[in-house]
Amino acid sequence: MKVAAAGAALLLLIVLAFLAAATSILTGSGTPGGVACAITPDATTSSRAGGLVAASPAATGVAASTLTLDGEQQTHAALIVQVAMERGLPARAAVIAIATALQESKLRNLTYGHLDSLGLFQQRPSQGWGTREQILDPRYATGTFYDHLVKVKRWERLPLTQAAQAVQLSGYPTAYAQWEALAQRVVDALAGTCVTVIPGEQVAAVIAYAHAQLGKPYVWGAEGPNAFDCSGLTMRAYQAAGISIPRVAADQWRWGPPIPRGQEQPGDLAFFRMEADGPGHVGLVIGGGQMIHAPNKLTVVQTGTYQRRDLISFTRPAAHAPTGRTDPR
């Protein structure tokens, strides 16, 4: 009993520390370790001290009505990140879980739902998720969500909508996408993984960040700071300029807008190797027919030509607009 009480007290302290960091970051009053973050003071606002926190829709690309987190929601977000850390899961797992909980319950531990759905993730006792009492325990519900997520093949590289849907079997699978930018920013705040903001124009900041990563190893699913995969590198590079883009290459491709071949410019993204869900590789154009990219596990972040036979197309995230492409899913 004493051990259990000590563990509960430790978790409470950790959650409170996470909440303090998140509130500081999301209200623009500070960042982990004093580092300037992609979540910048002019990109966030606070409705009142210690109260609701809202991110600028211009900074996230999500409708303003979806961007408010109060104390209860921050507490649940902190727990979701904490459980992921305890299990040694990458930050991507927490992003998927928080986006899912935002869609299912708005990050609230609901005692009701469709049919017998309950809790943060609207899990159902009748579908084997646990008893009512278990599902209404946020830690249990979060752990069960992760139990199912890690069994999904290649979950780390799936578009968020597909990863969440594989767990939830929702009637509205595409609805999870609207929460990805906010979930990513919340996880950055809580886990202390914000990247340095480089002064200057946006494209210069994007390229400068990517250039600083040259020579770092490729690790599948990695998002820095010590290793990257291809889309983790491009996501972080754009975050360095204060621009949130989706996590995986296929979603970054759909993010757009598309740029015709021959009109690409430094800062654009180049996509390669079409797969069932979309491109399987992405690089950052730096000019002169060259890009910075993280090719595969046998290499490191490096420069290389994008004039390849498997080149699909280019996009320009800095000028984000609907692509008009049909989602291949």
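This structure is a prediction, so every number in the text was calculated from the model and none was measured. Throughout this document, residue positions are counted from 1 along each chain, in the order its sequence is written. Owing to the predicted nature of the model, reporting of local features is limited to residues with pLDDT of at least 70; listing and counting of side-chain atom pairs is limited to 80 or more, with chain, interface and lining totals taken over all residues. With hydrogens and water excluded, all non-hydrogen atoms of the structure serve as input to the side-chain values.

**A few points about the overall build of the protein chain**
Numbered from the N terminus, helices here are DSSP runs of H or I no shorter than four residues, and strands are runs of E no shorter than two. A tally of regular secondary structure across the protein chain gives 11 helices and 9 strands. Relative accessible area decides the class of each residue, using a 1.4 Å probe on protein chains only: under 20% of the type maximum gives buried, over 50% gives exposed, and in between gives partly exposed. The buried share of the protein chain, taken over its 329 residues, is 51%. Put simply, of all contacts in the protein chain between residues at least 6 apart along the chain, 58% involve residues at least 24 apart. Throughout, a contact is declared for two residues whenever any of their heavy atoms are within 4.5 Å.

**Some points on the pattern of salt bridges**
Here, a salt bridge means any Lys or Arg side-chain nitrogen found within 4 Å of an Asp or Glu carboxyl oxygen. Tallying each qualifying case throughout the model produces 13 salt bridges. Residues Glu223 and Arg236 are paired through a salt bridge, measuring 3.3 Å at the closest nitrogen-oxygen approach. Taken as a pair, Glu223 in the loop between α9 (202-212) and α10 (230-239) and Arg236 in helix α10 lie far apart in primary sequence, 13 residues in all. Take Glu223 and Arg236: they sit in the same class, and that class is buried. Residues joined in a network through salt bridges with shared partners are Glu223, Asp229, Arg236 and Arg247.

**So, unusual backbone geometry**
Leave glycine aside and you will find that most residues have negative phi; peptide bonds, for their part, are mostly trans. Backbone torsion omega between Gly224 and Pro225 reads 0°, so that peptide bond is classified as cis. In this structure, Pro225 sits in the loop between α9 and α10.

**Side note on the nonpolar core**
Put simply, a nonpolar core is a bunch of buried Ala, Val, Leu, Ile, Met, Phe, Trp, Tyr and Cys residues held in one set by side-chain atoms that sit within 4.5 Å of each other. Ile98, Tyr146 and Leu149 are the most contacted members of the largest nonpolar core, which has 42 residues in total. Contributions of two or more residues to this core are made by α3 (71-86), α4 (91-105), α6 (138-149), α7 (160-168) and α8 (180-191). The biggest single contributor to this core is α4, with 9 residues. Beyond its immediate sequence surroundings of up to four residues, Leu149 is in contact with Ala93, Ile96, Trp155, Ala163 and Val167.

**With respect to the packing of α6 against α7**
Here, axes are lines fitted to C-alpha atoms. For helices the fit covers the stretch in contact, and angles between N-to-C directions go from 0 to 180 degrees. Contact geometry for α6 and α7: axes closest at 9 Å, N-to-C directions at 110°. Taken as axis vectors, α6 and α7 run roughly perpendicular relative to one another. Where α6 abuts α7, its residues Phe145, His148 and Leu149 lie against Ala163, Val167 and Gln168. Gly is placed with the polar residues, together with every amino acid not listed as nonpolar (Ala, Val, Leu, Ile, Met, Phe, Trp, Tyr, Cys and Pro) or charged (Asp, Glu, Lys and Arg). For the contact of α6 with α7, the residue count by class is 4 nonpolar, 2 polar and no charged. Each angle receives one of four descriptions, namely roughly parallel if under 35 degrees, roughly antiparallel if over 145, roughly perpendicular if within 65 to 115, and oblique otherwise.

**What about the packing of aromatic side chains?**
Note on ring pairs: Phe, Tyr and Trp rings are taken, using the six-membered ring of Trp, and paired if centres are within 6.5 Å. Classes follow the plane angle, with under 30 degrees stacked, over 60 edge-to-face and the rest tilted. Under the defined criterion, the tally for this structure stands at 4 aromatic pairs. Ring geometry for Phe121 against Phe145: centres 4.7 Å apart, planes inclined by 15°, an arrangement best described as stacked. With Phe121 in the loop between α4 and α5 (132-135) and Phe145 in helix α6, this residue pair connects regions lying 24 residues apart in the sequence. As far as the burial class goes, Phe121 and Phe145 line up, both buried.

**Focus on the confidence of the model for the protein chain**
Predicted confidence across the protein chain gives a mean pLDDT of 76, with 73% of residues reaching 70 or more. For every residue, the predictor assigns a confidence score, pLDDT, that lies between 0 and 100. pLDDT under 50 marks residues 1-11. Its contacts with residues more than four places away, or in other chains, come to 4 contacts. Contacts from residues 321-329, a stretch scored under 50 in pLDDT, to residues over four places away or in other chains number 24 contacts.

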